[in-house]
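Geometric and topological summary
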Amino acid sequence: MYLITRTVYSVVIRQSKPVFVQRGLCRYRYLSGQENRLRPTDIRVSGIRSLHSVQSSVLQCSRLFIPVTRRFCVRLSYLCARNSVLLISKYSENLFSGVCWKHTNMPDAKPFVRLPKSVVPEHYELLLKPDLKTFLFEGKLKVKVQVKCATDKIVLNTLDLTYQKVEFIAENGGKHFPSDRVVSVEDETLTLLFPHPLACGKGELLFEYTGEINDKMKGFYRSKYVSPDGDERYAAVTQFEATDARRCFPCWDEPAIKATFDITMNVPESKVALSNMPVVSQDPVADNPGMKLVKFDTTPIMSTYLVAVVVGEYDYVEDHSSDGVVVRVYTPIGKKEQGRFALEVATKVLPYYKEYFQIAYPLPKMDLIAIADFSAGAMENWGLVTYRETCLLVDPENTSAERKQWIALVVGHELAHQWFGNLVTMEWWTHLWLNEGYASFVEFLCVAHLFPEYDIWTQFVCDTYSRALELDWLKNSHPIEVPVGHPSEIDEIFDDISYNKGASVIRMLHKYIGDEDFRKGMNLYLTRHQYKNTFTEDLWTALEEASNKPVGAVMSTWTKQTGYPVVKVSSQQEGSARKICLTQEKFCADNNAPSNGTLWMVPITISTSRSPGEVVQSTVLETHSAELILSDVSSEDWVKVNPGTVGFYRTQYPSEMLAQFVPAVKDKSLPPLDRLGLLDDLFALVQAGQAPTVEVLKLMEAYQDEDNFTVWSSINSCLVRLSLLLSYTDYEDSFKAYGRKLMSKICCRLGWDRRENESHLDTLLRSLVIGRLAWFEDENVINQAKQRFADHVSGKALLPADLRSPVYKAVLSVGDEDTYNTMLRLYREADLHEEKDRISRALGAIRDESVLKKILQFAISDEVRSQDSVFVIISVAMTRRGRELAWDFIKENWKMLWDRYEGGFLLSRLVKYPTENFSSEERAQEVEQFFKEHPSPGTERTVQQCIESIRLNAEWLARDQDSIRAFLTSASQ
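Named according to an unreviewed UniProt entry, the chain is Aminopeptidase originating from Gryllus longicercus. Among the UniProt annotations of the chain, the heading Catalytic activity (unreviewed entry) holds the following wording: "Release of an N-terminal amino acid, preferentially alanine, from a wide range of peptides, amides and arylamides."

Pasting the structure below:
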């Protein structure tokens, strides 16, 4: 075996065959029986028109570059991008024989084989009868299938279902009963074994079965709510992404195995029944008074994870989009007016996307519904989008501006999926980012169009771009395109890489090719592949055709490699011109980690102080280093690489170039996104040990007159990170004093009360500043918060919704058990879930250890929904002592927490946030040992990332704690 370690991919020499090449770059090797993870006979290298025309180049490439894996990949990517498409023939077998590409930073993969394609579904006819008293349901299913080759077995997915009857009816009417049914809990499959082979042709597979309406917030599950008269009741709802349709009905639960669906619900007459399509009939059940049979129209061909049903009690508001689509927002009974804002957004979003994609929304209706118990924020089920209440409902008196903005983004995100994900679907979860990265980008396009006052693209950098960078510099990160198989692996890639890095590289691509060509390419992609499944390379092909730029070559380096580069800048004055030297290398959180020559094709843009808002030069950095000349730039002018913070990379300047930015930061002649990016990059370099922490503390002092919300959000992120680190020192109070001084001017400018015609961003900024100053124990802020809270509790003057979260935290930070009990009373009286959420997430700000222990018990009580418990525990972990208590609590209650969440992203968050801010090797070993003793499928990568982060914190503290102490001591004098 020949293994190159610590590269993005390792080369493994094997004797066995076959080795297949995914389109674009060498990527996967599939064992016998796994060939359908890619198209069985359609294994391609993106972009090659004729193998004969490039054969010599490819073979020459192999001789020159195979010993250096990265260069080989990039060279192959160039060949791919400049031609069209060809099936790989015998030449590829010779070229790549014995070689496979394997990502080395992944947890060990569980054995997994995708479903065989010998029998595939064409149409499902599903009848569900839920019982909301016993929490059981009955199912009857007829699947019209195509037997593609004679076989004596049918394999499909199932989980937690009990079968009373299974029967196959052949095209000629002959009935076949399986001689055995084999259920694999590990593989989540049902194998039907027949005594004789089923003949090729059409047939029908019939099932009668029962299942549980579970309490896991996955599959077909129950959601508790309180009726207007105070009774506790339940709705039955679905959440099938990624692999939980199999909990509701037996199916081929893979995104590429699409079919049409006829869905019928047998439900009480008093209940509302919803599904993907409009109701076509609703009739009483003759032999069961009080029940009704609700039949829905046939769906388009679609993946199983997009099927949805809801049964419960709901009000709704309705409108029509300008292009005639019926839009409804379903709310709890008596709260339909809280659906107005989302309705307004949705009716505008649909025609916006129709215009942008030049493709109409293909369904006759669009329902959005608020679900009381919901693990994610929202789910894009085709025609029936489900949301947490906090992501859909707006109460004008009690909803903050920040929450309203969030709801607009979430609605925009989910409706983007109706095209990008539903109409065109990724072939396998490896390409999840095609769904989530794109929707995470387009939601900002949409909201920027509908609400220009939000300045949402500036916020994108702080909320989306920076979060992706913070995760992707870890050695335990993963590529945007990551091979996954078993369902427990799939859940883990719903993370900041698939969403935020995906969105960030698409934003970079959008800038690279321009909006006009981007829109043309998107239309081409959606039109060409509608109702089908795609690979990432299909998107690159469409965008290349539209732009005539080497999109595949450039973007493959960003989607197939873990991490991103740091571009190091140096300059030399040559008369009236400036020579700029650029060097790229992989940016690692561990500054000692070798980059192994990994390179990206980096879109480079440059601005100068002569024209701060304009790009004066652009290029693509394809090699390790390059030089360029800027004319008419004096020695006093600053030169900014990556203006607008669009390129997904860090920039490092020498001290003399960095110093030139300081006056432009102070007078704000440097644009907001560049002020933000400058600080964000330097702070990352500090964390990686490539710059001293004192340097970033000094730079932040230049921001005392800053007035932009998003820039302050970036400053706040730095302060939070430092605060968490320095809580393990004896000079934490000195740092708090530094923070109070830094934020004093902006606090005075904003005050406590909203001004007439105040901007949306100033409203957001006031909440941020008050909250941070309270954390820094600013006496004036805390006293004012206590007074306003007392008036709020007494009913004398209600707190504006935008101030509640920072005020609650400020009061709790100096509160006692009486304060806690007052908060509990407000929590119990609150009717809006947003308000309950605000209160519960503030509770951890209290410092009293005995009360913190009570909060942890409260988090898992019946008073807190399972979807919210995680965030209450996380709130406790935001202080040093609270973090220790929360971690001990998690360890002591791990079995209960595991049983409650059964993996999934909520459990991953519960692992991540209470542990990643520890700062000692002892804690790293403790976390590592605990999860060795308690294997937790679906959280393995998160655990590795947390352990890595703890060790990085410990190194950072050891490296800089003395110099930080000296600086803070000097600053306080």
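Attention shifts here to the overall build of the chain. When helices and strands are counted, the chain shows 29 helices and 33 strands. Buried positions account for 62% of the 973 residues belonging to the chain. Put simply, of all contacts in the chain between residues at least 6 apart along the chain, 72% involve residues at least 24 apart.

Moving on: the confidence of the model for the chain. This prediction gives the chain a mean pLDDT of 87; 88% of its residues lie at or above 70. Here residues 1-106 is a poorly scored stretch, pLDDT under 50, and it has 224 contacts once near neighbours within four places are set aside; other chains count.

On to the side chain of histidine 417. Tracing the chain through its elements places histidine 417 in helix α5 (residues 401-417). Look past the residues within four positions of histidine 417 in its chain and what remains in contact with it is Glu380, Asn422, Asn435, Glu436 and Ala439.

What follows deals with the packing of aromatic side chains. Taken as a whole and assessed by the stated rule, the structure comprises 54 aromatic pairs. With a centroid separation of 5.7 Å and an interplanar angle of 55 degrees, the aromatic rings of tyrosine 163 and phenylalanine 207 are classed as tilted. With tyrosine 163 in strand β8 (residues 161-170) and phenylalanine 207 in strand β12 (residues 201-212), this pair connects stretches of sequence that are 44 residues apart. Pair check on accessibility: tyrosine 163 and phenylalanine 207 agree, each one buried. An angle of 85 degrees between the planes, with centres 5.8 Å apart, marks the rings of tyrosine 465 and phenylalanine 648 as edge-to-face.

Okay, the state of the cysteines next. Overall, the coordinates contain zero disulfides when judged by the stated rule. Looking at the unpaired cysteine 200, the closest cysteine sulfur is the one in cysteine 149, lying at 6.1 Å.

Turning our attention to the nonpolar core. Counting residues in hydrophobic clusters, the biggest one holds 303 residues, and the most contacted among them are Phe207, Phe249 and Trp252. If you tally residues by element for this core, the top one is helix α6 (residues 432-450), at 12 residues.

The subject of this paragraph is the sheet that holds strand β28 (residues 577-586). Ordered in space as β31-β28-β27-β33, the four strands form an open sheet in which the pairing is mixed. Looking at which strands have only one partner, the edges of the open sheet turn out to be β31 (625-630) and β33 (650-652). Each strand of the sheet is rotated relative to its neighbour by a mean of 25 degrees, with strand direction disregarded. Alignment of strand β27 (residues 565-574) against β33, held across three bridges, turns out to be parallel. Residue pairing across strands places lysine 568 opposite glutamine 652, the latter belonging to β33.

Here glutamate 171 is to be found in the loop between β8 and β9 (175-176). By relative accessible area, glutamate 171 is classed as exposed at 57%. Sequence spacing of glutamate 171 and glutamate 204 is 33 residues, and the spatial spacing of their C-alpha atoms is 7.8 Å. Aside from chain neighbours lying at most four places away, what touches glutamate 171 is Gly201, Lys202 and Gly203.

Taken as a whole and assessed by the stated rule, the structure comprises 64 salt bridges. Between arginine 804 and glutamate 835 there is a salt bridge; the shortest N-O distance is 3.3 Å. In this pair, arginine 804 is assigned in helix α20 (residues 801-813) and glutamate 835 in helix α22 (residues 833-842), connecting sequence segments 31 residues apart. Put simply, lysine 891 and aspartate 888 hold a salt bridge, and the shortest N to O gap is 3.5 Å. Separated by three residues within a single helix, lysine 891 and aspartate 888 lie in helix α25 (residues 880-892), roughly one turn from each other. Assessed through its relative accessible area of 25%, lysine 891 is described here as partly exposed. Among the charged side chains, a salt-bridge network with shared partners connects Asp229, Asp231, Arg233 and Glu313.

Before going further, it helps to examine the sheet that holds β9. Read across the open sheet, the eight strands follow the order β9-β8-β12-β6-β5-β15-β18-β17; overall the sheet is mixed. Taken across any chain shown, the strands that pair with only one partner, and hence form the sheet edges, are β9 and β17 (279-284).

With an omega dihedral of 10 degrees, the bond running from glutamate 241 to alanine 242 counts as a cis peptide bond. Residue position: alanine 242 is located in the loop between β14 (232-239) and β15 (260-268). Residue aspartate 455 is not a glycine yet carries a positive backbone phi of 45 degrees. Topologically, aspartate 455 is positioned in the loop between α6 and α7 (456-472). Taking relative accessible area as the criterion, aspartate 455 reaches 28% and is therefore assigned partly exposed.

Taking 1.5 Å per residue, 18 residues should reach 26 Å; helix α4 (residues 340-357) reaches 26 Å between its end C-alpha atoms and fits that length. Counting buried positions over the 18 residues of α4 gives 13, a clear majority of the element. Positioned one or two residues after α4, glutamine 358 has a phi angle of 60 degrees, which is positive.

The subject of this paragraph is the packing of helix α9 (residues 497-513) against helix α10 (residues 515-529). Contact pair α9 / α10: the axes reach a minimum separation of 6 Å and the direction vectors enclose 115 degrees. Contact residues: α9 offers Ile506, His510 and Ile513, while α10 offers Asp515, Asp517 and Phe518. Class assignment for the residues of the contact of α9 with α10 results in three nonpolar, one polar and two charged.

Two elements, strand β13 (residues 219-226) and β14, share eight bridges in a ladder whose sense is antiparallel. In the strand pairing of β14, tyrosine 221 is matched with valine 237. The turn joining β13 and β14, which pair antiparallel and follow one another in sequence, is formed by five residues; a positive phi near 90 degrees is taken by glycine 230. Bridge count for β14 against strand β19 (residues 309-312) is two bridges, and the pairing is antiparallel. Paired with valine 237 across the bridge in β19 is valine 310.

This part is about the packing of helix α16 (residues 709-726) against helix α29 (residues 940-971). Two elements in contact, α16 and α29, have axes whose closest approach is 11 Å; the angle formed by their N-to-C orientations is 90 degrees. In terms of orientation, α16 and α29 fall into the roughly perpendicular class. Contacts between α16 and α29 involve Arg721, Leu722, Leu725 and Leu726 on the former and, on the latter, Asn953, Trp956, Leu957 and Ile964. Taken together, the residues that form the contact of α16 with α29 break down as six nonpolar, one polar and one charged.

This brings us to the pairing of β8. With seven of 10 residues buried, β8 lies mostly within the body of the structure. Pairing geometry for β8 and β12, over nine bridges, is antiparallel. For phenylalanine 168, the partnering residue across the bridge sits in β12 and is leucine 205.

What follows deals with the side chain of aspartate 960. With respect to the element layout, aspartate 960 can be found in helix α29. The buried charged residue aspartate 960 lacks any salt bridge partner; its closest oppositely charged side chain belongs to arginine 959, at an N-O distance of 4.1 Å. Residues in contact with aspartate 960, not counting those within four places in the same chain, are Ala691, Pro692 and Thr693.

This part takes up helix α15 (residues 693-700). Across the eight residues of α15, six count as buried, placing the element largely inside the fold. Residues of α15 that are buried: Thr693, Val694, Val696, Leu697, Leu699 and Met700. Residues of α15 that are buried sit in contact with α13 (655-666), α14 (672-687), α16, α17 (732-750) and α29.

This brings us to the environment of threonine 390. Mapped onto the elements of the fold, threonine 390 is located in the loop between β24 (384-388) and α5. Look at threonine 390 and you get buried, because its relative accessible area is 5%. The spacing of threonine 390 and isoleucine 371 is 19 residues in sequence and 9.4 Å in space, taken between C-alpha atoms. Excluding residues within four positions of it along the chain, threonine 390 makes contact with Arg403, Ile407, His833, Glu834 and Asp837.

Calculation notes
- Residues numbered from 1 in each chain as written.
- Predicted model: local features only at pLDDT ≥ 70, side-chain atom pairs only at ≥ 80, totals over all residues.
- Heavy atoms only, no water.
- UniProt positions renumbered as here; feature names shortened; annotations may be inferred.
- Helix = DSSP H or I, 4+ residues; strand = E, 2+ residues; numbered from the N terminus.
- Buried < 20%, exposed > 50% of the residue type's maximum accessible area, 1.4 Å probe, protein only.
- Contact = heavy atoms within 4.5 Å.
- pLDDT = per-residue confidence, 0-100.
- Phe/Tyr/Trp six-rings, centres within 6.5 Å; stacked < 30°, edge-to-face > 60°.
- Disulfide = S-S within 2.5 Å.
- Core = buried A, V, L, I, M, F, W, Y, C linked by side-chain atoms within 4.5 Å.
- Pairing = 2+ DSSP bridges.
- Axes fitted to C-alpha atoms, helices over the stretch in contact; angles between N-to-C directions.
- Salt bridge = Lys/Arg side-chain N within 4 Å of Asp/Glu carboxyl O.
- Expected span 1.5 Å × (residues − 1).
- Nonpolar A, V, L, I, M, F, W, Y, C, P; charged D, E, K, R; others polar.
- Parallel < 35°, antiparallel > 145°, perpendicular 65-115°, else oblique.
- Lys, Arg positive; Asp, Glu negative; His and termini not counted.

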